[in-house]
Structure formats: structure tokens, C-alpha cells
There are 2 protein chains.
Amino acid sequence: MFNHLLKIGMFSIALVSGSSNADVLNIKEQKQLVALKEKALASDLSYDLIESLTTEVGHRLVGSEGDKKSISWAVNKMKTLGFDKVWTEEVIATYWQRGEIEAKVVSPYPHNVVAIALGGSVGTHAKGITKNIAHFKTFQDLEAAPDHSLKGRIAFVSYRMERHIDGNGYRPAVSARVYGASVAAQKGASAIIIRSIGTDNNRIAHTGSVKYKKGLHKIPAASISNPDADMLLNQLKRSDNVAFFLKLTSYSDPKVVAKTANVIGEITGSEFPDELVTIGAHLDSWDVGTGAVDDGIGVGIMMASAHHIAQLSIKPKRTIRVILFAAEEIGLVGVKSYVNKRNGDIKNHAIGAEWDFGVGPIYEMRTGVGKKSLPALKEFAQYLKPMGVGLSKTNTAKAHSDMSVMSDAGMPSVNFAPDGSLYFDYHHTDNDTLDKVDAKALKHNTAIYTMFAYFTAQSGIDFSQ
Amino acid sequence: MFNHLLKIGMFSIALVSGSSNADVLNIKEQKQLVALKEKALASDLSYDLIESLTTEVGHRLVGSEGDKKSISWAVNKMKTLGFDKVWTEEVIATYWQRGEIEAKVVSPYPHNVVAIALGGSVGTHAKGITKNIAHFKTFQDLEAAPDHSLKGRIAFVSYRMERHIDGNGYRPAVSARVYGASVAAQKGASAIIIRSIGTDNNRIAHTGSVKYKKGLHKIPAASISNPDADMLLNQLKRSDNVAFFLKLTSYSDPKVVAKTANVIGEITGSEFPDELVTIGAHLDSWDVGTGAVDDGIGVGIMMASAHHIAQLSIKPKRTIRVILFAAEEIGLVGVKSYVNKRNGDIKNHAIGAEWDFGVGPIYEMRTGVGKKSLPALKEFAQYLKPMGVGLSKTNTAKAHSDMSVMSDAGMPSVNFAPDGSLYFDYHHTDNDTLDKVDAKALKHNTAIYTMFAYFTAQSGIDFSQ
């Protein structure tokens, strides 16, 4: 329970009854909310921020020059945009070097293969390795292979991710990327290649993190583009002996740490400055493309939303905190650091929402808040309804990505579900560039985050209840 | 006039009147035509041929290992598919080496750039060059620049090709690729980069031939991907001094010739074996992707069409000749050699049609034949109508690509116009792979070429009249 609610108990009482006619926002505040919506819908600011970030900074791999530049960029932009407080909190991460990759089918039919190292992968021998392919249709098939059965082989998982609006094809596909290297190592494989975790048909491979199981030999892990995976399957139809060459010079030096930072900016609350409405995204990206979609869109939305609110003559009651997390891509390192720095106590975080998925318009709001406060969000949902945004029937949502860690630590959360049909065409690829940003959907989405931040900050509802 | 028409003058007389009720094909032949259509629509052969070519051979750059392999592949396939005669005719071409490319914006905001050498380009100095960009929105703007005004600059043409069903966005765009290097050299530029001649938004650049004007200094020429061109424009909005690094190790050694070959196969005519219905495609490709679309589709269609007809117990009256041209991509070298070898006399080529454009279904037949024979093709068009294929109002068409040279040499021609909306997404890129082939449209298109070859071979019409 927030202290201020002891003073202005009306809302919580109203919400306990669940049938009050009292609106959460008064007439003036309701008008303000609609005015903010109109302002965000008419503004190009979030797009312009993404354009600036992707043009002036480019990719932002943890520890890279771009990562450092992005921190200054974000601090300067926040100051320019009228944030009251802006600061950084150092985050220590591993600096992984992608190096070079060379991949090809050697026989029966020589072909060059478009491949990319998975994030965190170790390298091969300097001269590369040539081994026969052991093919598995799914990660489960790989898991079912007998121990030592892959000795002298490169494992290949060919499962293809399905396209869905909510991106739910990702989960069954991504285990091959995250855990495949460890499972293949356990079976004795020399390396693993996987079909890209992506829904496109481009000769562009998708990267993303691999997790090595402790105590197991680390083997090189790469993904190959969807058309190359098709070609490899066509060779495997013709021969059981498909020889594959892989050379990879990736490495991580455990002695070298990358110093990066979460960038935090606030619009100070006019009545309850210690209570935080948090909206977030991650500032880092992979070193392919310019991270326009992942997560430039999130960065643009959050900074623009806070700016629109900062322009109000009277600021909302609670503080609005924008958190741009560091080192999300390599394992949610920034948010873990953020929570640890606060000893796990984030009770002053009244509610939070992140953007780290999707390209198209938000079509549903999903809640993960206390039962008593749910009616307030149902009232908020009425503002979203004419925008084509529904409300989930369940109340078990976590925030996206980084902030899911904060949801787990007890932060009341909202998850806005956008159309993600195209997201995995670009995700973690060289194709993640500005032209993939849907400028119209971006306005819609920025308006929703702006309204959300205003509503939850101004209403002062205790969403933990 | 073909000799046989002196013997069986009926058709030409009927066609002179233009109002005969006599059908060009008799009832039995009409049934045969429909049976061939059904057979082609039910067959996967053309797809399987493309799958085989792209899997077992891969790309087929003139003079490369793949080029050589493709010739054996085509000869063997034709023999297997029941062609009566199969032979090759040597073609001598230049062997251009692509080498390596490195391209990046050096300042104000460093970015790596996805670029590709244009076919035939010379290289830069071994260490590359760094020069400021001189930007032109169109090729015409570049042409309008004063002489010597580009000294110490890299010219950049940013015109973006438009997407159209008939590919007519290509013509206004492609002059920058073909002639840009010579025009820029004339103005004193050190090199030229162009926005890819393509309709996609992938970080994949499009190659294609450059023509150097004789007597002018040759400068390196490369294209950059559409998203990279956007990024470069965004930098040019911010600064007049955008420094670009280009390193290119391409070269042609005029002393080294590439020996390649046109591959020719025939289904011998049962009555007029010396009169040729010619259907064609080109066998070579660029060294990016696997040339599945350009021109694997054409190769698959022509070989499958001839095969379907070869399966008939009585062969059509005229000979059906399939020509798979060499070295199309580097300047129609194969077809020129074909025509030269015959001293320009191709009067025995009764009619011809090629496929070298499009991915989707044919929607129109365009004719370029004698006035008297036009009614016969109008009759043929009646068979295509239920397949959604219209007939052009004009009668001035040339055949596609290679065969346009034969049209110019007097060969009566048909041009089947397919849906080319997606063609320039893949054209001359690493993305030209098997997955881009539309299997359903391919059946439709194969059926049409099969019917065309049968109709024109069996009817014996003199299409030059």
C-alpha cells in the first residue's frame, strides 16, 4: 500500500466495492488524457528518435563503440526532451567478439552458406572444421539422440519457426538456439548449426544468445538463413554424407568486462514523486542492422511518451520513470543489475510496462495487477477500445522482456500486445533497419504508452492491491 | 514463306481472308492441346528441374565451375527427358572476377554498408579509397552535372525503383547502373555507388552489368542495399561532407577468355523437321543466390514443356528447339553468338518465345508476328482465356531478353507477360533462391509454353506473314 493512499483512500475504497460509479479520473483529467492521445497521434517524435538513434549511433552491441555512444545519445535526448532528472547506472557485462564466419557445404554439392555466429558462441579451430552433418528435424529429436552418437559430426536442427501475430512461434523454435549447443556437445558433436529462428525467406541469418551449460565442453554454434537451410535439406535428401565446413573466430575473454549503463530519466510527480510509473525498453542491440525495431521502437516510444507528458503545465501526481536497459540481448543483464542495486526492493514501482516485441499496432492490453485495482485498468481500457485495443480476460501478465524480471520481483505490470506478424522477419538480423518501422503503428503505440503513463501516474491507484 | 506452306496453302489462304471459319487445329489436335495443358498443370517437372539445377549446380556465373557444371547438367537432363537431339555450341566470353568488397560511411556517423560490385566493374586501389559523396537524386541529375565537378568525389545516385506488375519501374532506374560509371567518370568522379535497382527492403544489394564507354577512364561501380541508401540519405541530410570508403578487388583479365556454351535440344518435327519453333531461357546466372528465378524458372519451363510434348506418340509437325543461352547476364553474349554462327539468317525459326522475367502467373500474351498470321494466334488466345490470360492489342512485341536479338533479326515472336511484382525483390541478389519460385504459377506458366510450342509447331502457320 502506498502512503498516499492512506491520505486519499477514496479510490481504493471505490475499487474494493468494484461497483462504484466514481470515475478514476475526473473530467479535467479525462480531457487531459484525450488531449495527450491526440498529441501523440499527431507527433512524429518517436519516429524521429528512432531515425536519430539508428543514423547517428547505429548498432549497440554491449561493449561496442555504439553502445557507449547510445548512452550519451540517450542522456542528451532526455535532457533536451524536458526530463527533470536523467542519470545512468553502471552495468558490468561480458564483451563478446563476433569475429568472422565462413560456412559452406563441401560435398556432395559445394555451396556457400549464409551463416551467423550465435551470440556468446566460442570459435572453431583457426582453420575451421569440416564434418558430416547429423540432421535433426526438431530440438526434441536432438535431445533424444544417444550420448556420443554425434562424435565427429556437426549437428543441424532444421525446425522452421511459424509466423503468428503474437510471436508464439518463437518459443518452440528458440530452444534449439539457446540450448542446442549444450545438448549437441553432450552427444559428442563438434559444432551445431541451426535454421535461423525467423519467419523470413532472406539470405540473412538470425543471431541471438546461446547458453552453455556449466561443466560441459563448449562447442561453436551458428545459425544459417532459411533458404540455406532449405538447400541443405535438399542435399540431405540426396546423400547421408553431407560434409560441412565451418570457421568461426568468435570469442569472449572472461578477463575483459564491458562497462555499460542503464539510462534512466524521470518526469517528477507533482504529488507523489516517490511513487514510480515505469516504462521501459532496452537500449542495446545486436551488432547486425541498426536495432531499429529491436529495440529502437521501444526507445522511441518511451522517450516520446514521457516527453508528451513533460509538456503538461501540471505534471501527473506520480513520477514517470523511463528506463532504457543495458545488455538485454546477452541475458537481461541490465535489469538484473537494476533490481540488485535496489536489493530486490522495487515496491515504489507502482506499475510498469515495456516494449520489446512487435512492429504493428497494439491490439490488446494484458494486465498483471492486484484484483482490487483491476477495475481501474478496465476503466482505462475504455479509452483504448475505440483504438481497436481489447482487454485480456486473464490478469496474469508480466511486462515484456527486461521488465518481466521486475514483474517477477513483484511489480504490478501491464503488457501491451502488438501485431508481431513481421517481427521475426527482422529480429536479430542485418535487416533490422529504420525502413522496417511502421510509422503509422508507431503513433498508435506511442499514444497508448503515453495514455498509460498518464493514467497510472495521475490516478494514483495502488496496483499491487 | 516456308516451303511446306506451298504444299498446304490452306492456312495462309484462310488467314489472308481473316474471316475463315476453319480452325487452325483440327478436333484431334485441339484435344491434344487440352491434354497437354492438363498434363503440364498436374506435373511438378519444371519445379523439380529448378530444384535440381539450384541444388546440384548452384550459381552459374560465366566461366565459373557452376557454369561448366550447368552445361553438363542441361545436356544430361535433356537426354533423360526424351529430347531427340542435344548439342552445345561454344560461346566465348569475358571472365570477370567479382573479388571482395568493403564499403562504409567513415564520417560523420560511421556505418558499415552492404554493397556489391556491379558486373564488369574495375576495382579500386588495393587499399580502397575514401572520398566525399556527391549525391544525385536521379541519373539525369548526374548527367546534368558540369564536367570535372565530381573530382575527388564518389558519385551516389539514390533513385528508387518503383514496383509494377510488368516491371516497368526497371527501365528508368537501370540507366544509373548501366551508364552511371561512364557518366560519373566523365565528370571526374573516382567511383560511383548507386541505390540497388530493386524493389525490396533487404540489406542485400543487387548486382547487374555496367557498360563502360570506350575511351573513358573506367571507375569502380557498386550498388548498395535499399536500407543502406536510406541511411546514407539520412546522413546527407545532416552534413554536406559525408566521407565514404570503398574497396573493391574486382577485375577482368582481357587475356583470359571464358569458354561457355549455348545448350540446344530438339524434339524433331514429324513433317517439317527443318522449321523451328524455338523456346528459350538463359542458363547462366549471376554469382549470387542460385539463379533460381533468373533464369532457373525459364530453364525449368522450357525443358518441361518440350518433355511434355516429347511424350506424345506422334510428334508435332515442326521441330521444337529449346535453346538455353550462355552468358546472357554479361550482355546477351550467347544469343549473339547463336545468331552470328548462322550469319544472321534465322529464317527457319518459325516463331520464338523466351522466359526471363517474372515470378507470378502469365496474364497476357503479346504478339510480334505477321499480320496475316495474327488470326491464328488470336485463335490460340482462346485457349488461354479461361486461364486468365489476355491478348495484347498491339502486335509489336519482341521476345524476352536473349530472344529479343532474334526478334530484331526477323524472328516472329511472342512475349508472355507474367506477374513481375516480386521479381525485382530478388533479381541479381543473394536472395534469388528456390524458395522464391511460385510453384503454382510455375505450373500455369509451363502449361502455357507447352501449349504455345505445340500449337505453333503443329499448325505450321507462317508467322512471318
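Basis of the calculations
Residues numbered from 1 in each chain as written. Chains lettered and ligands numbered in written order. Predicted model: local features only at pLDDT ≥ 70, side-chain atom pairs only at ≥ 80, totals over all residues. Helix = DSSP H or I, 4+ residues; strand = E, 2+ residues; numbered from the N terminus. Rg over C-alpha atoms; globule rule 2.2 N^0.38 Å. Buried ≥ 20, exposed ≤ 12 C-beta atoms within 10 Å, placed from the backbone. Contact = placed C-beta atoms within 7 Å. Pairing = 2+ DSSP bridges. Axes fitted to C-alpha atoms, helices over the stretch in contact; angles between N-to-C directions. Nonpolar A, V, L, I, M, F, W, Y, C, P; charged D, E, K, R; others polar. Domains from an automatic or database assignment. Least-squares fit on C-alpha atoms with pLDDT ≥ 70 in both. Parallel < 35°, antiparallel > 145°, perpendicular 65-115°, else oblique. Left-handed = near helix turned anticlockwise from the far one by under 90°. pLDDT = per-residue confidence, 0-100. Core = buried A, V, L, I, M, F, W, Y, C linked by C-beta atoms within 7 Å. Expected span 1.5 Å × (residues − 1). Arc of directions from axis to C-beta.

A look at the overall build of chain A
- Scanning chain A for helices and strands turns up 14 helices and 16 strands.
- For chain A, the C-alpha radius of gyration of 24 Å lies close to 23 Å, the compact-globule estimate for 465 residues.
- Projected onto the principal axes, the alpha-carbon positions of chain A cover approximately 75 × 40 × 40 Å.
- When burial is assessed residue by residue, chain A has 57% of its 465 residues classed as buried.
- Taking the contacts inside chain A whose residues are at least 6 apart along the sequence as the reference set, 83% of them involve residues at least 24 apart.

So, the sheet that holds strand β4 (residues 115-117) of chain B
Residues and elements named next belong to chain B.
- Read from one edge of the open sheet, eight strands run β3-β2-β9-β5-β6-β7-β8-β4, paired in mixed fashion. On the outer flanks of this sheet lie β3 (111-112) and β4, each paired with one strand and no other.
- Summarising the sheet, strand β2 (residues 101-107) and strand β9 (residues 243-248) pair through six bridges and their orientation is antiparallel. In the sheet register, V105 faces β9, and the bridge partner there is F244.
- Seen against the sheet, helix α7 (residues 170-186) touches β6 (153-157), β7 (191-195) and β8 (221-224) and runs at an angle of roughly 150° to β7.

Some remarks on the pairing of strand β16 (residues 413-418) of chain A
All names here are of chain A.
- With six of six residues buried, β16 is to be regarded as a mostly interior element.
- Where burial is concerned, the two faces of β16 agree: the one with S413, N415 and A417 and the one with V414, F416 and P418 are both buried.
- Bridge analysis of strand β14 (residues 362-368) against β16 gives six bridges, and the strand direction is antiparallel. For T367, the partnering residue across the bridge sits in β16 and is V414.

Here we look at the interface of chain B and chain A
- In this complex, chain B contributes 22 residues to the contact, which on the side of chain A involves 22 residues.
- Sorting the residues of the side of chain B that touches chain A by element identifies α4 (45-57) and α8 (226-238) of chain B as the ones contributing at least two each.
- Per-element tally for the side of chain B that touches chain A: the top contributor is α8(B), with five residues.
- Partitioning the side of chain B that touches chain A into residue classes produces six nonpolar, 10 polar and six charged.

Digging into the domain arrangement of chain A
Residues and elements named next belong to chain A.
- Domain annotation of chain A identifies domain 1 (3-96 + 256-459) and domain 2 (99-249).
- Each of domain 1 and domain 2 has a C-alpha centre, and these two points are 35 Å apart.
- Every contact between the two is made by 19 residues of domain 1 and, on the other side, 17 residues of domain 2.
- Broken down by element, the side of domain 1 that touches domain 2 gets its largest block of residues, three residues, from helix α13 (residues 423-426).
- Its residues assigned to classes, the side of domain 1 that touches domain 2 shows eight nonpolar, seven polar and four charged.

A word on the relation of the copies chain B and chain A
- For the match of chain B to chain A, the screw axis carries a shift of 0.0 Å, the RMSD comes to 0.0 Å, and the turn is 180°. Here the transformation between the copies is reduced to the relation of a two-fold axis.
- The fraction of interface residues of chain B whose copies in chain A are also interface residues reaches 100%, indicating that both copies meet through the same surface.

A closer look at the packing of helix α10 (residues 333-341) of chain B against helix α12 (residues 401-408) of chain B
Residues and elements named next belong to chain B.
- Where α10 contacts α12, the axes come no closer than 8 Å and their chain directions differ by 30°. By the angle between their axes, α10 is roughly parallel relative to α12. Remark: the crossing between α10 and α12 carries right-handed chirality. Residues G334, V335, K336 and V339 of α10 touch α12, and the partners they reach there are D402, M403, V405 and M406.

Focus on the confidence of the model for chain A
Residue and element names in this part refer to chain A.
- This prediction gives chain A a mean pLDDT of 95; 95% of its residues lie at or above 70.
- Below a pLDDT of 50 lies the segment residues 6-20, which in the model reaches 17 contacts outside its immediate sequence neighbourhood of four places, other chains included.
- Note on the complex model: pTM 0.94, ipTM 0.94.

Comments concerning the nonpolar core
- Counting 286 residues, the largest nonpolar core has A155(A), I192(A), A222(A), A155(B), I192(B) and A222(B) as its most contacted members.
- The residues touching A222(B), leaving out its near neighbours within four places in the chain, are I101(B), A103(B), A115(B), I116(B), A117(B), L118(B), S121(B), I193(B), L246(B) and L248(B).

Description of the environment of A397(A)
All names here are of chain A.
- With respect to the helices, strands and loops of the structure, A397 is situated in the loop between β15 (390-391) and α12 (401-408).
- Between the alpha carbons of A397 and V322 there is a distance of 20 Å; along the sequence they are 75 residues apart.
- Filtering out sequence-adjacent residues up to four positions away, A397 remains in contact with R366, T367, G368, S392, S413, V414 and N415.

Comments concerning the sheet that holds strand β3 (residues 111-112) of chain A
- If you trace the eight strands from one edge of the open sheet to the other, you get β3-β2-β9-β5-β6-β7-β8-β4 (chain A), paired in mixed fashion. The sheet terminates laterally at β3 and β4 (115-117) of chain A, the two strands that pair on one side only.

Concerning unusual backbone geometry
- Geometrically, the link from S107(A) to P108(A) is a cis peptide bond, its omega value of 5° lying close to zero.
- Inspection of the secondary structure puts P108(A) in the loop between β2 (101-107) and β3.
- Phi at S401(A) takes a positive value of approximately 50°, unusual for a residue other than glycine.
- In this structure, S401(A) sits in helix α12.
- Accessibility expressed as a C-beta count within 10 Å gives 23 for S401(A), which makes it buried.
- Its identity is not glycine, yet A327(B) carries a phi of approximately 55°, on the positive side.
- With respect to the helices, strands and loops of the structure, A327(B) is situated in the loop between β12 (318-325) and α10.
- Judged by local crowding, A327(B) falls into the buried class, with 29 C-beta atoms found within 10 Å.

Quick look at α4(B)
- Compared with an ideal rise of 1.5 Å per residue, which puts 13 residues at 18 Å, α4(B) spans 17 Å between its outermost C-alpha atoms and is within 8% of the ideal.
- Of all 13 residues making up α4(B), 10 are buried, and the element is well covered by its neighbours.
- Turning to α4(B), its buried residues number three or more, namely L45(B), S46(B), Y47(B), L49(B), I50(B), E51(B), L53(B), T54(B), T55(B) and V57(B).
- In this structure, the buried residues of α4(B) make contact with α8 (226-238) of chain A together with α5 (65-80), α9 (292-310) and α14 (439-459) of chain B.
- Positive phi appears at G58(B), one or two residues downstream of α4(B), with a value of about 85°.

Describing the packing of helix α3 (residues 27-42) of chain B against α14(B)
Residue and element names in this part refer to chain B.
- Contact pair α3 / α14: the axes reach a minimum separation of 8 Å and the direction vectors enclose 155°. Our classification of the angle between α3 and α14 gives roughly antiparallel. Crossing angle aside, the handedness with which α3 passes α14 is right-handed. In this structure, α3 contributes E29, Q32, L33, L36, K37, A40 and L41 to the contact, and α14 contributes K443, T446, A447, T450, M451, Y454, F455 and Q458.
- Looking at the contact of α3 with α14, its residues break down into eight nonpolar, four polar and three charged.

Thoughts on α3(B)
Residue and element names in this part refer to chain B.
- The first and last C-alpha atoms of α3 sit 23 Å apart over 16 residues, in line with the 22 Å expected at 1.5 Å per residue.
- For α3, every residue scored as buried is listed here: L36, K37 and A40. End-on, the buried residues of α3 take up no more than an arc of 100°, which puts them together on one face. Residues of α3 that are exposed and point over 90 degrees away from its buried face: I27, K28, K31, V34, E38 and A42.
- Where the residues of α3 are buried, they touch α9 and α14.

Focus: the pairing of strand β11 (residues 272-282) of chain A
Residue and element names in this part refer to chain A.
- Extensive coverage of β11 is indicated by the burial of nine of its 11 residues.
- Pairing analysis gives eight bridges linking β11 to strand β12 (residues 318-325), with the strands arranged parallel. Bridge pairing in β12 links F272 to R318.
- When β11 meets strand β13 (residues 349-354), the two strands line up parallel, connected through five bridges. The residue bridging T278 from the neighbouring strand is G352, located in β13.

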